[in-house]
Amino acid sequence: MMKRWSGLTLSFFLSVTMAAWVPVAGAQESKPAQTAAPLKAPDERYKVDILLVVAHPDDEGAATAYLARAIDEGKRVAVVYGTRGSSGANEVGAEQAAALGAIREIEARRALSQLGIGEVWFLDGKDTASQNVLQSLSNWNHGETLQQLVRLMRLTRPEVVLTFLPGAFIGEDHGDHQASGVLATEAFDMSGDPVAFPEQVAGATKRLEPLLDNLRPWQPKKLYYFADADKEDIFKGLGPAYSVKELSKSIKHAYWRIALDGFLAHETQSRAMAESLKGMSDATLEKLMTTEGYWSDSLRFVLGKSRVGGTAAGDVFENVSGEPIAFSRPEVAPEPQKPELSLELGGPWSFYAEFRRAHGLTHLPHPEPPEIALQVGTTLVIPLWVRNQTSSPREITLTAELPGGWTVQSGTGKFSIAAKQTAAARLEVSLPAVTDGVNKNGLQQITVHAESGGRSIGDVKLRVELRKRALPQ
């Protein structure tokens, strides 16, 4: 009985199976096609052509006339501020410190929205009122702020970076302005480097990963500077220049007027200026803005770096495409040979000499001898490096040659320095309390002279301009 049912069952199964299978000539067994799952790409909403890196709200005014032009040409722009400007003036209300910083952030966003710029970030630097870039970098927590800026550069993937020229020049010479240029240069050289802040370019190993950013390295193609200096002759021909008198295609105003309107949106900083401009004709305003300061008749840049070739005076976007380029480390100039015994100017001046060498920027203009503008009646501090690379201790004598009416407070005399050592020294000079005609004689020079064993081992020269008002040193 069991065998009979088994046979019937097998016969039924075979008949059903054979009836359902209809052979097709040349057919092969196939699997259903599968669609490849797309891997996530960088967020295109934040890809920009230009990243502007400045220090304070309203500093974008140094480049607004060009940004408006670039936006007319279809370029996308983002702005990074180093600080919120919390130690600035307030010409509108009573708020100060962090409260003022919050207001100035809103003003900056409003000013940039007039141009159509919505990608705006603020780093956590603290507003530092001095001319010393090293103080600003310290007060900004240099390493942490650089990490933030590299992250933003990798996020926005700019083709071109614009920033303040890193250097010490007579002008406003704000240390925060200088710091933004230093950081932007460092980030330009680091954002494409896969071993710089590697946690930013590492992918998640867990479903929820709060520490790894999963960004990609990005090498910007060009770095341009604008100068924070009174005298701009030394910058001519080192980069492109753009007229501020031409009309914007989209806003139908001259670019200088767009820059002015943007600045006036910073009411805490511009209320008094706005009142003074009321009632002026367009012709008078144009003369004031383009020939008597502010934006002058053209906006000039200095080419810092180009990874795509081109000419110094060529257009900012000459040879630039949206395609990524390979990362390349900056060419470091060899360290200059120094005598075994030497005297050098320290502080920001020696920093910039090393900075230009380390970042391949030895072509950048810088005043020689170094210079600074200071307020009358204050104290000038001259930082010095004394180097003794001989095999025995040495005695060094420091003397100073000063303009009439200037006096040394401290720092001259005899000093000993151990073998194979570099020691810091400083000279403090009282500046005269002149109240009238402080610029009559222009720049005045100080010379610090060093001797050892009856022979000269070096001179340090510094040119100083006295002003009724100036940022602290």
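Report follows, based on the coordinates. (Residues numbered from 1 in each chain as written. Predicted model: local features only at pLDDT ≥ 70, side-chain atom pairs only at ≥ 80, totals over all residues. Heavy atoms only, no water.)

**Considerations on helix H10 (residues 347-358)**
Then, in step 1: Taking 1.5 Å of rise per residue, the 12 residues of H10 would be expected to cover 16 Å, and the 17 Å separating its terminal C-alpha atoms lies within 8% of that figure.
Then, in step 2: Those residues of H10 that sit buried are Pro348, Trp349, Ser350, Tyr352, Phe355, Arg356 and Arg357.
Then, in step 3: Tucked into the core, H10 has its buried residues touching helix H4 (133-139), helix H6 (175-190), strand E9 (341-345), strand E10 (371-375), strand E11 (379-388) and strand E17 (455-467).
Then, in step 4: Backbone geometry just downstream of H10 places glycine 360 in the positive-phi region, at approximately 65°. (Helix = DSSP H or I, 4+ residues; strand = E, 2+ residues; numbered from the N terminus. Expected span 1.5 Å × (residues − 1). Buried < 20%, exposed > 50% of the residue type's maximum accessible area, 1.4 Å probe, protein only. Contact = heavy atoms within 4.5 Å.)

**What to know about empty space enclosed by the protein**
Then, in step 1: The final tally for this structure, using the stated rule, is 2 cavities of 30 Å³ or more.
Then, in step 2: Volume-wise, the largest cavity comes out at about 50 Å³.
Then, in step 3: Around the largest cavity, the lining residues are Leu165, Gly167, Phe169, Asp173, His174, His177, Gln178, Ala227, Asp228 and Ala229.
Then, in step 4: Considered as a void within the structure, the second largest cavity measures approximately 30 Å³ in volume.
Then, in step 5: Lining the second largest cavity are Glu60, Gly61, Thr64, Ala111, Leu112, Leu115, Ala259, Gly262 and Phe263.
Then, in step 6: Mapped by element, the contributors of at least two residues to the lining of the second largest cavity are helix H3 (97-113) and helix H7 (255-264). (1 Å grid on protein atoms, 1.4 Å probe; cavity = no way out; pocket = protein on both sides within 12 Å on 5 of 7 lines; lining within 4 Å. Points joined across faces, edges and corners; volume = space filled by probe spheres on them.)

**Notes on the packing of aromatic side chains**
Then, in step 1: According to the stated counting rule, one finds 12 aromatic pairs in the structure shown.
Then, in step 2: Ring centres of phenylalanine 351 and tyrosine 352 lie 5.2 Å apart, and the angle between their planes is 55°; this geometry places the pair in the tilted category.
Then, in step 3: Relative accessible area serves as the criterion here: at 2%, tyrosine 352 is assigned to the buried category.
Then, in step 4: Connected via pairs of aromatic rings, a cluster forms that spans Tyr66, Phe164, Tyr224, Phe226, Tyr242 and Phe301. (Phe/Tyr/Trp six-rings, centres within 6.5 Å; stacked < 30°, edge-to-face > 60°.)

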